[in-house]
Amino acid sequence: DIQMTQSPSSLSASVGDRVTITCRASQSISTFLNWYQQKSGKAPELLIFAASSLQGGVPSRFSGSGSGTDFSLTISSLQPEDSATYYCQHGYSTLPFTFGPGTKVAIK
Amino acid sequence: QLQLQESGPGLVKPSETLSLTCTVSGGSISSSSYYWGWIRQPPGKGLEWIGRIYYSGSTNYSPSLKSRVTISVDTSKNQFSLKLSSVTAADTAVYYCARVVATIKEGDWFDPWGQGTLVTVSS
């Protein structure tokens, strides 16, 4: 299985701050990396697919980058509604699909 | 707008079989561009992929669950289903169904998701 790790596991930042979450795959997955946002008590929602493509309707303050084994999700100006847990997921052809353990983002 | 909705018992006894159905509305489950999948999340924990099915009935399962999982599709009802046998307390989780967008050039991702349904395994 491809193992996914994320750092940090949690963070607290102020409104307007730039926030970056990193995700690492245990083997190269090209750009087959997706990011999801999960708010408390809700289902996850797709933010970014293929490492850097913004899903329709997602605010432009979210961006993704990376390739190979190292990826990042950046929120350029943190907003109160961004309080959530963020998960990365590999979409590589090597099944099973696996998710990172999540990064919990809190607003100071 | 495509929507998915899980349904099924919220309480299952240990050693019995968990059965859930996902009803797809606003689009056809027979679309050649997509798979349909199940993901679960134990309370307070992360996400675990269970498996996926194509409208033709072709399936892929997580190796860790493969011996106990069956995913099936009913195109006439626009539904797909999950059966997990011999459940234990470790199978207590919120179970989500989702459309799997499968591409050659960009990989696979899950979108949209159903709202999820909590299944508790307890006697």
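Here the structure is a predicted model, which means the values were calculated and not measured. (Residues numbered from 1 in each chain as written. Chains lettered and ligands numbered in written order. Predicted model: local features only at pLDDT ≥ 70, side-chain atom pairs only at ≥ 80, totals over all residues. Heavy atoms only, no water.)

A.B. asks: Teacher, can you tell me more about the overall build of chain B here?
C.D. replies: For chain B, the helix and strand inventory stands at zero helices and eleven strands. Moving toward the C terminus, one meets the helices and strands of chain B in the order β-β-β-β-β-β-β-β-β-β-β. Its C-alpha atoms give chain B a radius of gyration of 14 Å, within 12% of the compact-globule value 14 Å for 123 residues. Based on the C-alpha atoms only, the size of chain B along its principal axes is roughly 45 × 30 × 25 Å. By residue count, 47% of the 123 residues in chain B fall in the buried class. Sequence-distant contacts in chain B: of pairs separated by 6 or more residues, those separated by 24 or more amount to 55%. Total accessible area computed for chain B in this model is approximately 5600 Å², and 47% of it derives from carbon and sulfur atoms. Here chain B holds 10 positive side-chain charges and 8 negative ones, and the gap between their average locations is 4 Å. (Helix = DSSP H or I, 4+ residues; strand = E, 2+ residues; numbered from the N terminus. Rg over C-alpha atoms; globule rule 2.2 N^0.38 Å. Buried < 20%, exposed > 50% of the residue type's maximum accessible area, 1.4 Å probe, protein only. Contact = heavy atoms within 4.5 Å. Areas by Shrake-Rupley, 256 points an atom, 1.4 Å probe, with all protein chains shown as cover. Lys, Arg positive; Asp, Glu negative; His and termini not counted. Charge placed at Lys NZ, Arg CZ, Asp CG, Glu CD.)

A.B. asks: So what exactly am I meant to see when it comes to the state of the cysteines here?
C.D. replies: Here, disulfide denotes a covalent bond that connects the sulfur atoms of two cysteines. All told, the structure shown has two disulfides over all chains when counted by the stated rule. Across the disulfide, Cys23 of chain A is cross-linked to Cys88 of chain A (sulfur-sulfur distance 2.1 Å). Looking down the S-S bond of the Cys23 of chain A and Cys88 of chain A bridge, the torsion is 75 degrees, so its handedness is right-handed. Taken together, the residues Cys23 of chain A in strand E3 (residues 19-25) and Cys88 of chain A in strand E9 (residues 84-90) connect sequence positions 65 residues apart. Like Cys88 of chain A, Cys23 of chain A is buried. The side chain of Cys22 of chain B participates in a disulfide bridge whose partner is Cys97 of chain B; the two sulfur atoms lie 2.1 Å from each other. On the S-S bond that ties Cys22 of chain B to Cys97 of chain B, the torsion sits near 65 degrees, and the link is right-handed. (Disulfide = S-S within 2.5 Å.)

A.B. asks: Looking at this model, I keep getting lost on the interface of chain B and chain A. Mind explaining?
C.D. replies: Quoted interface sizes are often the accessible area lost when the parts come together. On the side of chain A, 19 residues touch chain B, which itself brings 23 residues to the contact. In total, chain B and chain A occlude about 1700 Å² of area from one another, counting both sides; carbon and sulfur atoms represent 66% of this. A per-residue breakdown of the area chain B buries against chain A is headed by Leu47, Trp49 and Trp109 of chain B, which together make up 31% of the total. Taken together, the links from chain B to chain A amount to zero salt bridges. In this structure, the connection of chain B to chain A is made through nine residue pairs in polar contact (both at pLDDT 80 or more). Only strand E4 (34-41), strand E5 (48-53) and strand E10 (107-113) of chain B provide two or more residues apiece to the side of chain B that touches chain A. (Buried area = accessible area lost by both parts, 1.4 Å probe. Salt bridge = Lys/Arg side-chain N within 4 Å of Asp/Glu carboxyl O. Polar contact = N/O pair within 3.5 Å; in protein donor to acceptor, adjacent residues only side chain to side chain.)

A.B. asks: Help me understand the packing of aromatic side chains, please; the structure alone is not making it clear to me.
C.D. replies: All names here are of chain A. Per the counting criterion, the structure on display carries 17 aromatic pairs over all chains. Each ring, one from Tyr36 and one from Phe99, has its centre 6.0 Å from the other, and the planes form 55 degrees; the classification is tilted. Linking Tyr36 in strand E4 (residues 33-38) with Phe99 in the loop between E9 and strand E10 (103-107), this pair joins segments that are 63 residues apart in sequence. Owing to a relative accessible area of 0%, Tyr36 belongs among the buried residues under this scheme. Take Phe99: its relative accessible area is 9%, and that puts it in the buried class. (Phe/Tyr/Trp six-rings, centres within 6.5 Å; stacked < 30°, edge-to-face > 60°.)

A.B. asks: What's the story with the sheet that holds E3 of chain A in this structure? I'm lost.
C.D. replies: Residues and elements named next belong to chain A. Strand order in the open sheet made by the four strands is E1-E3-E8-E7, with antiparallel pairing throughout. Both edges of this open sheet fall to strand E1 (4-7) and strand E7 (62-67), since each of them pairs with a single strand only. Neighbour-to-neighbour, the strand axes of the sheet open up by a mean angle of 20 degrees, direction not taken into account. One ladder, built from six bridges, connects E7 with strand E8 (residues 70-75); its direction is antiparallel. Counterpart to Gly64 in the pairing with E8 is Leu73. (Pairing = 2+ DSSP bridges. Axes fitted to C-alpha atoms, helices over the stretch in contact; angles between N-to-C directions.)

A.B. asks: Please explain the side chain of Glu6 of chain B as it appears in this structure.
C.D. replies: Note that Glu6 of chain B resides in strand E1 (residues 3-7). For the buried Glu6 of chain B, no salt bridge exists, and the shortest N-O distance to an oppositely charged side chain is 12 Å, to Lys42 of chain A. Reaching out from Glu6 of chain B, the side chain makes a polar contact with the backbone nitrogen of Gln115 of chain B at a distance of 3.4 Å. A polar contact is formed between the side chain of Glu6 of chain B and the backbone nitrogen of Gly116 of chain B, at a distance of 2.9 Å.

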